[in-house]
Amino acid sequence: MPEDSEKEVGETKEQRTKTYGSDPSNQESPSKQGSEAILRMADMDPNLKYELSKIPGAEKLLLCLQCGTCTGDCPVSSRVPEFSPRTIAKMAALGMKDALFTGDLLWLCAQCYTCYEECPEDVKPSEIISALRKMAVKEGHIHPAYKSQMELIGTLGRLYDVSEIQNEMRAELGLPPVPDSGVNEVKKIMKRTGLDKLTQIDLSKEG
Amino acid sequence: MKYALFLGCTTPVRLAGYEASTRKLAETVGVELVDMQGAGCCGTPSMESIDHKTALAVAARNICIAEEMGMDIVTLCNGCYEVLSKANDFLKQDADAREGVNKILAEVNHQFKGTVKVKHLVKMLIEDVGLENLQKLVKKPFDGLRVAVHTGCHLIRPSDVLKFDDPIRPELMEKLVEITGAQAVPYPDKTECCGSPTLAVRENVAPQIALAKVQRVKRYADIMVTSCPFCYLMYEMSQLTAEENPNVPVVHLPQLLGLAMGLSQDDLAMGENRIDPSRIMDFQTK
């Protein structure tokens, strides 16, 4: 009897797990995950929404109506379908921590604040994404491009190294050499706040 | 009027033409810009999404340098403006945050006191110099030049923090452009982001966003005007790397204002622009 009823619903629990449960390809696209895969409560972190709501800016997460104004106006969503502020807010409310924290999803936000201004419930989707990034970073998931940005700022005091050639080109336009960046002070600040350990960057090299 | 000039990272290294034209324009309108020795990166808008405390301290250190100079800050970059302005207002209002940041800053011999303002070039020109005074300096106005103004994001958003212009229908930078006699034309999705922050994450996305805007602009305007080094680079580079280059000149705001005030293309380092902007001269009346 139990075997028959399993067959009636089409696939066994084992088959389901085999097809969707541990296949990493299903983790790549949240929209695909939403429509085709089965979300299991056991994989969710019900505390994510509470922790997230404590971070300044993300307090109104649970007021999201899923209206989609944010995604409709998002310059990234229209080119990258898997990036959707609406879906990210839903994933956060559901506690889909792994799908949110791994990969580049959170880091695709351009932080243009269009959704921040347009959201009818003042949920501030861009701030929710920013808060999620902070949580991801604390768990060791920082996007490599942002990690190297932090390392550049910590070792050069700015995003670029200034060469003699650049100062010569500036001189031709009547510009003074690029001022000192105060890198030693920046480095001390980052060590004091622990940004180097948080983002696993090496501040020992000289700029 | 005297200001501490916050150069940021990208302008002095990659867009010396923006810096040179800003300095020339400042001279022309009677504003003294003083270099900030020891000021570095503002922290970037993304540092706030990595660690709040560090972002606040890095921004505050730069503000302290201006406080020590006794001058308000002028930034050339929308990103720097958002970061420094946000940190400045937050630290002025929140005594606990100020105390926390000052403990960190004590190690590098700075103290945030909350004595200066942070302005973007556009904000400084409009609020401190004034449109009427600027208008009086126009000697060679444009006639019939259609300009697509790109205000960018971090000059106007988040609006509850920055409190400058309307976040969805901005008009102040357009008013500034129109003192030159040029027409700031409406075009679709005018406030759309240039896409620049996504460049480091997926390099093909930002050029798509930027190029689509330039292609829309081409139907309505002769040139595009920006007031941010990141937006400028996106609109210029996305055209130069496109299969078919739309060839819409991108011009820094101080270059356009400077030309109208009688400065030469050389004064304004217009040879640095990678899409030849000289066709603008055809629209000058005198």
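It should be emphasised that the depicted structure is a prediction, and the values quoted were computed from it without experimental measurement. (Residues numbered from 1 in each chain as written. Chains lettered and ligands numbered in written order. Predicted model: local features only at pLDDT ≥ 70, side-chain atom pairs only at ≥ 80, totals over all residues.)

S.K.: Would you mind showing me how to read the overall build of chain B here?
M.R.: Assigned secondary structure in chain B consists of 12 helices and 8 strands. The C-alpha atoms of chain B give a radius of gyration of 19 Å, which matches the 19 Å a tight globule of 286 residues would have. On the principal axes, the C-alpha backbone points of chain B span a range of 55 × 45 × 30 Å. Looking at chain B residue by residue over its 286 residues, the buried ones come to 62%. Considering only residue pairs separated by 6 or more positions, chain B has 79% of its internal contacts joining residues 24 or more positions apart. (Helix = DSSP H or I, 4+ residues; strand = E, 2+ residues; numbered from the N terminus. Rg over C-alpha atoms; globule rule 2.2 N^0.38 Å. Buried ≥ 20, exposed ≤ 12 C-beta atoms within 10 Å, placed from the backbone. Contact = placed C-beta atoms within 7 Å.)

S.K.: Is there a simple way to think about the interface of chain A and chain B in this case?
M.R.: Opposite the 52 residues of chain A that make contact, chain B presents 46 residues. The element best represented in the side of chain A that touches chain B is helix α13 (residues 183–193) of chain A, accounting for 8 residues. When its residues are assigned to classes, the side of chain A that touches chain B shows 30 nonpolar, 11 polar and 11 charged. (Nonpolar A, V, L, I, M, F, W, Y, C, P; charged D, E, K, R; others polar.)

S.K.: When you look at unusual backbone geometry in this model, what are you seeing that I'm missing?
M.R.: The bulk of non-glycine residues show a negative phi, and the bulk of peptide bonds are trans. Residue P158(B) is reached from R157(B) by a cis peptide bond, and omega for that bond is 0°. Here P158(B) is to be found in the loop between β5 (146–150) and α8 (159–162). Unlike most non-glycine residues, Q111(A) shows phi in positive territory, near 50°. Along the chain, the position of Q111(A) falls in the loop between α8 (97–101) and α9 (114–118). With a phi close to 60°, N109(B) is a non-glycine residue in the positive phi region. Structurally, N109(B) is set in the loop between α5 (95–106) and β4 (118–120).

S.K.: Quick question: what am I supposed to make of helix α7 (residues 85–94) of chain A here?
M.R.: For an α-helix the count is 3.6 residues per turn, leaving residues at separations of three or four pointing the same way. Residue and element names in this part refer to chain A. Burial within α7 is extensive, with 7 of its 10 residues counted as buried. Considered for burial, the residues of α7 that qualify are P85, R86, T87, I88, A89, M91 and A92. G95 sits one or two positions beyond α7 and adopts a positive phi of about 90°.

S.K.: Would you take a moment to explain the packing of α13(A) against helix α3 (residues 52–69) of chain B for this structure?
M.R.: A packed helix pair is summarised by two numbers, namely the angle formed by the two axes and the spacing between the axes. Interaxial distance between α13(A) and α3(B) falls to 10 Å at its minimum, and their mutual angle equals 155°. If you check the angle between α13(A) and α3(B), you find them roughly antiparallel. Crossing geometry of α13(A) relative to α3(B) is assigned as right-handed. For the pair formed by α13(A) and α3(B), the contact residues are E185(A), V186(A), I189(A), M190(A) and T193(A) on the first element and K53(B), T54(B), A57(B), V58(B) and R61(B) on the second. Partitioned by chemical class, the residues of the contact of α13(A) with α3(B) number 5 nonpolar, 2 polar and 3 charged. (Axes fitted to C-alpha atoms, helices over the stretch in contact; angles between N-to-C directions. Parallel < 35°, antiparallel > 145°, perpendicular 65-115°, else oblique. Left-handed = near helix turned anticlockwise from the far one by under 90°.)

S.K.: How should I be thinking about the sheet that holds strand β7 (residues 223–226) of chain B in this particular structure?
M.R.: Neighbouring strands of a sheet are bound in pairs by backbone hydrogen bonds; such pairs are parallel or else antiparallel. Residue and element names in this part refer to chain B. Spatially, the 4 strands line up as an open sheet ordered β6-β5-β7-β8, and their pairing is parallel. In this open sheet, the two strands that pair with only one neighbour each are β6 (183–184) and β8 (250–252). Bridge analysis of β7 against β8 gives 3 bridges, and the strand direction is parallel. Its bridge partner being in β8, V225 is matched across the sheet by V251. Across the sheet, helix α12 (residues 253–260) touches β7 and β8, and the angle it forms with β8 is around 75°. (Pairing = 2+ DSSP bridges.)

S.K.: Is there a simple way to think about the sheet that holds strand β1 (residues 2–6) of chain B in this case?
M.R.: Residue and element names in this part refer to chain B. Ordered in space as β2-β1-β3-β4, the 4 strands form an open sheet in which the pairing is parallel. Looking at the sheet topology across the chains shown, the edges are occupied by β2 (32–35) and β4. In this sheet, adjacent strand axes meet at a mean angle of 40° when their direction is disregarded. In terms of strand pairing, β1 meets strand β3 (residues 72–75) through 4 bridges, oriented parallel. Its bridge partner lying in β3, L5 is registered against V74. Packing of α3 onto the sheet brings it into contact with β1, β2 and β3, and relative to β1 it is tilted by some 155°. The strands touched by helix α4 (residues 78–93) within the sheet are β1, β3 and β4, with β4 carrying the most contacts at an inclination of about 160°.

S.K.: What am I meant to see in the domain arrangement of chain A here?
M.R.: Size of an interface, as often reported, equals the accessible area lost when the parts are brought together. Parsing chain A into structural domains produces domain 1 (31–138) and domain 2 (144–198). The distance between the C-alpha centroids of domain 1 of chain A and domain 2 of chain A comes to 32 Å. (Domains from an automatic or database assignment.)

S.K.: It is not clear to me how the packing of helix α11 (residues 144–156) of chain A against α13(A) should be interpreted in this structure. Could you clarify?
M.R.: Residue and element names in this part refer to chain A. α13 packs onto α11 with a crossing angle of 125° between their chain directions and a minimal axis gap of 6 Å. As judged from the angle between their axes, α11 and α13 are oblique. Where α11 abuts α13, its residues I153, G154 and L156 lie against V183, V186, K187 and M190. Broken down by class, the residue content of the contact of α11 with α13 amounts to 5 nonpolar, 1 polar and 1 charged.

S.K.: I keep staring at the confidence of the model for chain B and nothing clicks. Help me out?
M.R.: Mean pLDDT over chain B: 97, with 100% of residues reaching 70 or higher. Interface confidence in the predicted complex, given as ipTM, is 0.95; pTM for the same model is 0.92. (pLDDT = per-residue confidence, 0-100.)

S.K.: What is the right way to read the domain arrangement of chain B from this model?
M.R.: All names here are of chain B. Entries for chain B in the domain assignment read domain 1 (2–121) and domain 2 (136–283). Taken together, the 27 residues of domain 1 in the interface contact 27 residues of domain 2. Of all the secondary-structure elements, those providing two or more residues to the side of domain 1 that touches domain 2 are α1 (10–14), α2 (16–29) and α4. The dominant element in the side of domain 1 that touches domain 2, judged by the number of residues it contributes, is α2, at 10 residues. Looking at the side of domain 1 that touches domain 2 residue by residue, the classes come out as 11 nonpolar, 11 polar and 5 charged.

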